[in-house]
Amino acid sequence: MTWLHAVIAAVIAIISDPYAVLFCCIGIALVLLSSVLNVRNLMRDAKSDYAAALTYFLSFFGLMFAVPMALVLVDGPKFGMSPETLGLQIGEWKIGLTMLAIAVPVLVASVILGARDPALRRQYPFSKEALKSPLRFVLYEASYVAFYYLAWEFAFRGVVLFGLLAFLPVNIPGVAVAIMVQTFLSTIYHIGHPNSEVVGAFLLGLASGAAAVATGSIFYGLFFHALVGVLNDCMAYRRFVRNRA
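Below is a summary of the structure that appears in this document. If you're wondering where the values come from, they're calculated on a predicted model, not measured in any experiment. (Residues numbered from 1 in each chain as written. Predicted model: local features only at pLDDT ≥ 70, side-chain atom pairs only at ≥ 80, totals over all residues. Heavy atoms only, no water.)

## Points about the overall build of the chain
And then number 1: A count of helices and strands for the chain gives 10 helices and 0 strands.
And then number 2: For the chain, whose C-alpha radius of gyration is 19 Å, the value lies close to the compact-globule estimate of 18 Å for 245 residues.
And then number 3: The principal-axis extents of the C-alpha atoms in the chain amount to approximately 70 × 45 × 30 Å.
And then number 4: The buried share of the chain, taken over its 245 residues, is 42%.
And then number 5: A separation threshold of at least 6 residues defines the contact pool for the chain, and within that pool the share at least 24 residues apart is 74%.
And then number 6: Looking at the chain as shown, the accessible area adds up to about 12,500 Å², and 74% of this sits on carbon and sulfur atoms. (Helix = DSSP H or I, 4+ residues; strand = E, 2+ residues; numbered from the N terminus. Rg over C-alpha atoms; globule rule 2.2 N^0.38 Å. Buried < 20%, exposed > 50% of the residue type's maximum accessible area, 1.4 Å probe, protein only. Contact = heavy atoms within 4.5 Å. Areas by Shrake-Rupley, 256 points an atom, 1.4 Å probe, with all protein chains shown as cover.)

Here is the structure:
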């Protein structure tokens, strides 16, 4: 029964460390969101792609933000962990604003160029029904940012990046490893999306990770990510309105 004792000891060690529990939660969440709760699966069984997309956003928020945040609030203080240590703060705002000033023109240009990609046009927005009404479109985009993008940045740039930095050496190699790990994970989640988006996800992961490390905040990377997604959807809405006119 030695193996059983070893398994029990390993489980106890994991559940006693909030960082280990958080990483397990994110891992389980990614499995669920990549399978039964994946947006494609939800849309396949739904009568409305609008309802399916909102269900996906809410599922993402629950699994990647609400559950991990509950764990942080309950067990985190005992270990010096808080929402702020995981990037939910304004942080070094002067550095953040400088990075925004540099990144925004590049991101806007990349979205405009990417809008020519037929595969991206077919992919986004997730809900084509959202394009049929201005109010519906606004509610869709608000949910996209509040539930999906916030949860995404908290999980990858907050939990994974800052979680790794809590254990890795505080030097350039340690920071590079933490940034690359969260970038790899967030890029892998895009497999099956258009090729240009996979490449963009890798580059945006690096930029958002660097911004998080430089500022101590996930909000600047959140702005990067949301800007790209919402602007891309707005361009799709503009095309829809023009074609309908």
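## Points about the packing of helix α7 (residues 134-165) against helix α9 (residues 195-215)
And then number 1: It is at 11 Å that the axes of α7 and α9 come closest, and there the two elements cross at 60°. Relative to α9, the element α7 is oriented oblique. Crossing geometry of α7 relative to α9 is assigned as right-handed. In this structure, α7 contributes Glu153, Arg157, Leu161, Phe162 and Leu165 to the contact, and α9 contributes Gly205, Ser208, Gly209, Ala212 and Val213. (Axes fitted to C-alpha atoms, helices over the stretch in contact; angles between N-to-C directions. Parallel < 35°, antiparallel > 145°, perpendicular 65-115°, else oblique. Left-handed = near helix turned anticlockwise from the far one by under 90°.)

## What to know about the layout of surface pockets
Once rolled over the atoms, a probe with the size of a water molecule shows which space is left empty.
And then number 1: Quantified by volume, the largest pocket comes out at close to 650 Å³.
And then number 2: Along the wall of the largest pocket there are 30 residues; nearest its centre are Glu197, Gly200, Ala201, Leu204 and Val228.
And then number 3: Taken together, the elements giving at least two residues each to the lining of the largest pocket come down to α5 (93-114), α7, α9 and α10 (219-244).
And then number 4: In terms of residue count, the dominant contributor to the lining of the largest pocket is α9 (8 residues). (1 Å grid on protein atoms, 1.4 Å probe; cavity = no way out; pocket = protein on both sides within 12 Å on 5 of 7 lines; lining within 4 Å. Points joined across faces, edges and corners; volume = space filled by probe spheres on them.)

## Observations regarding the environment of threonine 183
And then number 1: On the secondary structure map, threonine 183 appears in helix α8 (residues 172-188).
And then number 2: Between the C-alpha atoms of threonine 183 and valine 213, which are 30 residues apart in sequence, the distance is 13 Å.
And then number 3: In this structure threonine 183 touches Phe202, Gly205 and Leu206, once residues within four positions along its chain are discounted.
And then number 4: Reaching out from threonine 183, the side chain makes a polar contact with the side chain of glutamine 182 at a distance of 3.0 Å. (Polar contact = N/O pair within 3.5 Å; in protein donor to acceptor, adjacent residues only side chain to side chain.)

## Overview of the side chain of serine 186
And then number 1: Checked against the element boundaries, serine 186 lands in helix α8.
And then number 2: Among the residues examined, serine 186 registers a relative accessible area of 3% and is labelled buried.
And then number 3: The contacts of serine 186, once residues within four sequence positions are left out, are Trp152, Phe156 and Arg157.

## Description of unusual backbone geometry
And then number 1: Going from tyrosine 124 to proline 125, the amide bond is cis rather than trans, its omega being -5°.
And then number 2: With respect to the element layout, proline 125 can be found in the loop between α6 (118-123) and α7.

## Examining the state of the cysteines
And then number 1: Taken as a whole and assessed by the stated rule, the structure comprises 0 disulfides.
And then number 2: In this model cysteine 24 remains outside any disulfide bridge; the closest cysteine sulfur is found in cysteine 25, 7.1 Å from its own.
And then number 3: According to the relative accessible area criterion, cysteine 24 is partly exposed, its value standing at 38%. (Disulfide = S-S within 2.5 Å.)

## Some points on the side chain of arginine 157
And then number 1: Its location among the elements puts arginine 157 in helix α7.
And then number 2: Polar side-chain contacts of arginine 157 include one of 2.8 Å to the side chain of glutamate 153.
And then number 3: Polar side-chain contacts of arginine 157 include one of 2.7 Å to the side chain of glutamine 182.

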